[in-house]
Amino acid sequence: MSFPEYGTIAAIATAPLEAGIGVIRLSGPDALSVGQAVFSFKSPPKDIRPGRLYYGSVVDPLNSSIIDNGFLVYMKGPASYTGEDVVELQLHGSPVALRKALEAVLRSNVRIAGPGEFTRRAFLNGRLDLAQAEAVIDVIRARTDDALKSAQARLEGRFSAKVNLLKQGVFGLLSRIEAELDFPEEEDTGSMPMDALLADIEASTDGVKKLLLTFEEGRALRQGVKTLILGRPNAGKSSLLNILLEEERAIVTEFPGTTRDIIEEAVNIKGVPFILMDTAGLRESADFIESIGVRKAKEKIATAD
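## So, the overall build of the protein
Step number 1: Within the protein, the secondary structure is distributed over 9 helices and 10 strands.
Step number 2: For a compact globule of 305 residues, the expected C-alpha radius of gyration is about 19 Å, and the protein comes in at 28 Å, more than 25% above that figure.
Step number 3: Dimensions of the protein along its principal axes, counting C-alpha atoms only, are 75 × 75 × 30 Å.
Step number 4: The proportion of buried residues among the 305 residues of the protein is 36%.

## Some words on the pairing of strand β9 (residues 263-269)
Step number 1: Note: β9 against strand β10 (residues 272-278), 7 bridges, orientation antiparallel. Directly across from I263, in β10, lies its bridge partner D278.
Step number 2: As consecutive antiparallel partners, β9 and β10 are separated by 2 residues, and within that stretch K270 has a phi angle of approximately 55 degrees, a positive value.

## Considering the pattern of salt bridges
Step number 1: Applying the stated criterion across every chain yields a total of 15 salt bridges.
Step number 2: In this structure, R111 engages E117 in a salt bridge whose closest nitrogen and oxygen atoms are separated by 2.6 Å.
Step number 3: Note on R111: relative accessible area 25%, which makes it partly exposed.
Step number 4: Each of E84, R111, E117 and R121 takes part in a single network of salt bridges with overlapping partners.

## A short note on a nonpolar patch on the surface
Step number 1: Nonpolar side chains collect at one region of the surface, where L53, Y55 and F71 lie side by side and expose about 290 Å² of accessible area between them.
Step number 2: Along the polypeptide, F71 turns up in strand β5 (residues 66-75).
Step number 3: On the basis of relative accessibility, which here comes to 34%, the residue F71 falls in the partly exposed class.

## Brief notes about unusual backbone geometry
Step number 1: Here the bond from G77 into P78 is cis, since omega is 5 degrees, no more than 30 degrees from zero.
Step number 2: Mapped onto the fold, P78 is located in the loop between β5 and β6 (86-93).
Step number 3: Residue N234 is not a glycine yet carries a positive backbone phi of 60 degrees.
Step number 4: Tracing the sequence through the fold places N234 in the loop between β8 (225-229) and α8 (237-245).

## Structural notes on the nonpolar core
Step number 1: Ranked by size, the top nonpolar core spans 24 residues in total, and within it L26, V87, L89 and V105 carry the most contacts.
Step number 2: Put simply, the parts of the chain that give this core at least two residues each are β2 (19-27), α1 (31-38), β3 (39-41), β4 (53-59), β5, β6 and α2 (95-106).
Step number 3: Top contributing element to this core by residue count: α2, with 5 residues.
Step number 4: Dropping the residues within four chain positions of it, V87 is found in contact with I24, R25, L26, A31, L32, G35, L72, V73 and Y74.
Step number 5: Grouped together as the second largest cluster of nonpolar side chains are 7 residues, I229, L241, L245 and V267 included.

Rules used in this analysis
- Residues numbered from 1 in each chain as written.
- Predicted model: local features only at pLDDT ≥ 70, side-chain atom pairs only at ≥ 80, totals over all residues.
- Heavy atoms only, no water.
- Helix = DSSP H or I, 4+ residues; strand = E, 2+ residues; numbered from the N terminus.
- Rg over C-alpha atoms; globule rule 2.2 N^0.38 Å.
- Buried < 20%, exposed > 50% of the residue type's maximum accessible area, 1.4 Å probe, protein only.
- Pairing = 2+ DSSP bridges.
- Salt bridge = Lys/Arg side-chain N within 4 Å of Asp/Glu carboxyl O.
- Patch = residues over 30% accessible without salt bridge, like charges linked within 9 Å, V, L, I, M, F, W, Y side chains within 5 Å.
- Areas by Shrake-Rupley, 256 points an atom, 1.4 Å probe, with all protein chains shown as cover.
- Core = buried A, V, L, I, M, F, W, Y, C linked by side-chain atoms within 4.5 Å.
- Contact = heavy atoms within 4.5 Å.

See below:
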C-alpha cells in the first residue's frame, strides 16, 4: 500500500478495546495546530512546551460538547518517533470516545493514517533503519520474555550495528583490492601480502556466516516453533498436549479416534514460543469425518518445524 509522503495523519494508537487509557496520535506539520483546535485546556498555557502533559478536554468542534477528558502531549520534530511534529491525545480507553475524538481531529486538514504509517515515516525520516522498523511489530507481538528481549535489541539497533561493522570491513577489503589492481607499482598504496588479504576475507566471511546462523533462532522467537504431535490413535498425543499446556485442552478417552480436528495452542517452553498442534491418529478409517482429520494431519507435516 502506498501513502502520500507529506501531510498530517492521525489514528487511534491503542487497541480498540475497553481500557483505562486510549491514545490518538497525530503526526505531521499541522499536528500541533489541529491538536490545539480540538483540545480545551483546563489552564490555557502561554505556549505549548514539548514533553509536557496538559490537562483538559477534547471538544467536538461541531457543537462544542465535551467528548472526553484527558491530556495533550506535544513532541517536536525531529526529536519524536516519526521525526515530525507529533501530538498525542491521551484519553480514557473508551472505543466510542476515541472514535468520536478521532472524527473531530479528521475534520481538520488531517487524514487517517495507513497501516504502519507512523513507523514508515520514522524510517523515511531516518529515525529508524529497516531492521529497527521491522522490530517494532516484533516487540508488539512478542509472546515470551526472550522474544521481547530479542526484538528490543534489534529495535535499539544492535543488529544493525553488527551489519554495519561487517559492511565497513567488506568495503575496506574492496578498497584495498582495487588499489592493488589499479596501482600495482605504487609504493604508497600500502601493498599487503596475499596471505594477510585472504585471512581478512575469511574473517569477514565468518562474520557473515555467524550472523546468518542467528536467523533460525530469531524466526523461532518471532513466529514460534510449529510443533506437530503426530502418531497412531491412542498413542498419547492429546495427553502430551494437555501436559505441556498444564490444562485439559484436548478430550482424552480410551476410544481411538477421539481427536478429529487440529487442536492448536501456544506454550512458552524455556523462553521459546511453541505452537503445538494435536492431530487425529494416523490410520485407515471408514469414518468419513475421522478420515478428513487424518488427511489434515498429514497435510500439516509439510508446514511443521
